[in-house]
Amino acid sequence: MTAKTVKVSILLPSLNARKFLEPRVDSLRKQTFSDWEAIVLDSHSTDGSWDFFQSIAGTDPRFRLHQVPREGLYAALNRGLELATGDLLYIAPIDDTMAPQFFAEMIEALGRCLDAGVAVCDCLFINQDGRELLPQDMAARLSKRKIRNLLKSGPVRTSLPAIRRHTVNYRPPPYDCLLHFTGRSVYFSLTQLLIRTTSAKAAGFFETDVSSAADFRWLVRLTSLTGSIHLPKRLATWRFHGDQLSLVRDNSRLGSMYEMCQKILPPLRQRYPGLLTDNDCELLLLPYKTALARSIIRRLGYWFESFAHLCANFFRQPLATLRIFFQTGIGKDFPVAIVLRRKKLVPRELEPIS
C-alpha cells in the first residue's frame, strides 16, 4: 500500500458545531495527502453548519454532503460506514483536528505492515483556542484527579504503564483487544485512528443503544479481528471543551464495557485457539468485577482472588511475575499484563526505513 494507490473515506458527523468547523475542515484541506473524500453527515443542524458545508462543497468536490436523521452520533457513523468507498477509513470528530502529515504518515505505516488493519498515533490535547491543553483550562470542569489522568492519556497504551514505545511498532491481534480488559480504552479517541475499510466493516456497525460506551464496544470488536501499527507521534489533536460524551458521568458505561468484554471472549478463543484458558478468562474479567462490586466485602474478595493469581504465577515464573508486579502493582493492569506476557503477546518494533 502506498499513498499513490489508496483513497481515504473521512466520516464527518456534525450537529450544531459551527464554531469548530473552520479548524476541522482546514486541517483536512491542508493534508499533504490529498486523495480523500469527506462524507459529511449533518443531523439537520440549525446553527449555520449546513450552509458552511455547502459553501465548502461548492469549491471542493471531495466533500460529499448528506443530511441524516437526528438519531445520535453513532447512527450517523453507521450511515457513513455504508457510504464509504475508500480503501481506508478515518472518523473525524467535528471538534478535533490533525497535523498536515497525518494521512501521509499513517498510510506509510500501514504500507509497512500489511497485517495491521489499524494505524494509530498518539494524541495532542488542545484547548478551545487551539493551544496545548493546560491544567488551568480544565479547572472549572474537572477534579484535580481527573485532570491528571486526562493529561496522561495521550500516548497509546501498552500492557505495562512503565513502558513507552518510542519507535514504530506492530501490535499483533488480539493484543489491543485484551488491553481493553483493564477497564479503559487503549486509545483516547477515534480521532487517532486510520482504519482499513475492510476491517472497519468487518467490525460491524456501532451500537446505538449503549450511550457513550458505543465507541469502546466497537473498538473491542475491531481489535479482536486485526492488529495495529503504532506511530509514537502526536499527529492527532483532541480538543477539550468540557462537553464531550467521554467526560460526562455515565453510571451504565462500565457495566456496558464489562458486558462487551464478556461477549468477546468466546469468539476470541475460537479465532485464536490455545490463546486463552478458562483461568485466563476469569483473570481478565477480574478488573471489571472488582470495579463493579457493590460491597466492600465482595471487592475484597476479588482483590484476594487477584492476589491468589499473583501467587500462582509467581511459583510458575517468579522473576517475570515480580517484574510485572513492581511495574503495575496488583491493580487492574496486573491481570492483563500477566496474560499478555505469559502468552508472549507483545508489540514488535519495526525496522526504520532506510
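Here's a quick rundown of the structure. Since this is a predicted model, take the numbers as computed values, not measurements. (Residues numbered from 1 in each chain as written. Predicted model: local features only at pLDDT ≥ 70, side-chain atom pairs only at ≥ 80, totals over all residues. Heavy atoms only, no water.)

This next bit is on helix α13 (residues 333-342). Because an α-helix completes one turn every 3.6 residues, residues spaced three or four positions apart along the sequence face the same direction. Burial analysis of α13 places eight of its 10 residues in the buried class, which makes it a mostly covered element. Three or more residues of α13 are buried, namely Asp333, Phe334, Pro335, Val336, Ala337, Ile338, Val339 and Leu340. Elements that come into contact with the buried residues of α13 comprise α6 (175-179), α10 (278-292), α11 (296-316) and α12 (318-328). Remark: Lys344 follows α13 within two positions and exhibits a positive phi of approximately 55°. (Buried < 20%, exposed > 50% of the residue type's maximum accessible area, 1.4 Å probe, protein only. Helix = DSSP H or I, 4+ residues; strand = E, 2+ residues; numbered from the N terminus. Contact = heavy atoms within 4.5 Å.)

Another point: the pairing of strand β3 (residues 63-67). Looking at chain direction, strand β2 (residues 36-42) and β3 are connected through five bridges and run parallel. When the bridges of β3 are listed, Val40 appears paired with Leu65. As for the winding sense of the linkage, the β-α-β connection from β2 through helix α2 (residues 49-57) to β3 is right-handed. (Pairing = 2+ DSSP bridges. Right-handed = clockwise from strand over helix to strand, strands pointing away.)

All right, on to the packing of helix α8 (residues 214-225) against helix α9 (residues 253-271) then. Each pair of packed helices gets described by two things: the angle between the helix axes and the distance between those axes. Viewed as axis vectors pointing N to C, α8 and α9 meet at an angle of 15°, and their least axial separation amounts to 9 Å. Relative to α9, the element α8 is oriented roughly parallel. Note on packing geometry: the crossing formed by α8 with α9 is right-handed. From α8, Asp215, Phe216, Arg217, Val220, Arg221, Ser224 and Leu225 reach across to α9, where they touch Arg253, Ser256, Met257, Glu259, Met260, Cys261, Ile264, Leu268 and Arg271. (Axes fitted to C-alpha atoms, helices over the stretch in contact; angles between N-to-C directions. Parallel < 35°, antiparallel > 145°, perpendicular 65-115°, else oblique. Left-handed = near helix turned anticlockwise from the far one by under 90°.)

Here the focus is the pattern of salt bridges. A full pass over the atoms with the stated rule returns 19 salt bridges. For Arg221, the salt bridge is made with Glu207, and the minimal N-O distance between the two is 3.4 Å. Remark: Glu207 occurs in the loop between α7 (197-202) and α8 and Arg221 occurs in helix α8; sequence separation between them is 14 residues. Each of the two residues, Arg221 as well as Glu207, counts as buried. A salt bridge links Arg217 to Glu259; the nearest nitrogen and oxygen atoms lie 3.3 Å apart. (Salt bridge = Lys/Arg side-chain N within 4 Å of Asp/Glu carboxyl O.)

For any pair of aromatic rings, the description rests on two quantities: the centre-to-centre distance and the angle between the ring planes. Under the counting rule described, the total for this entry stands at 13 aromatic pairs. With centroids separated by 5.9 Å and ring planes inclined at 65°, the aromatic side chains of Phe52 and Phe53 adopt a geometry described as edge-to-face. Overall, the relative accessible area of 1% leaves Phe53 in the buried class. Relative to Phe102, the ring of Tyr90 has its centre 5.1 Å away and its plane inclined at 55°; by these criteria the two rings are tilted. (Phe/Tyr/Trp six-rings, centres within 6.5 Å; stacked < 30°, edge-to-face > 60°.)

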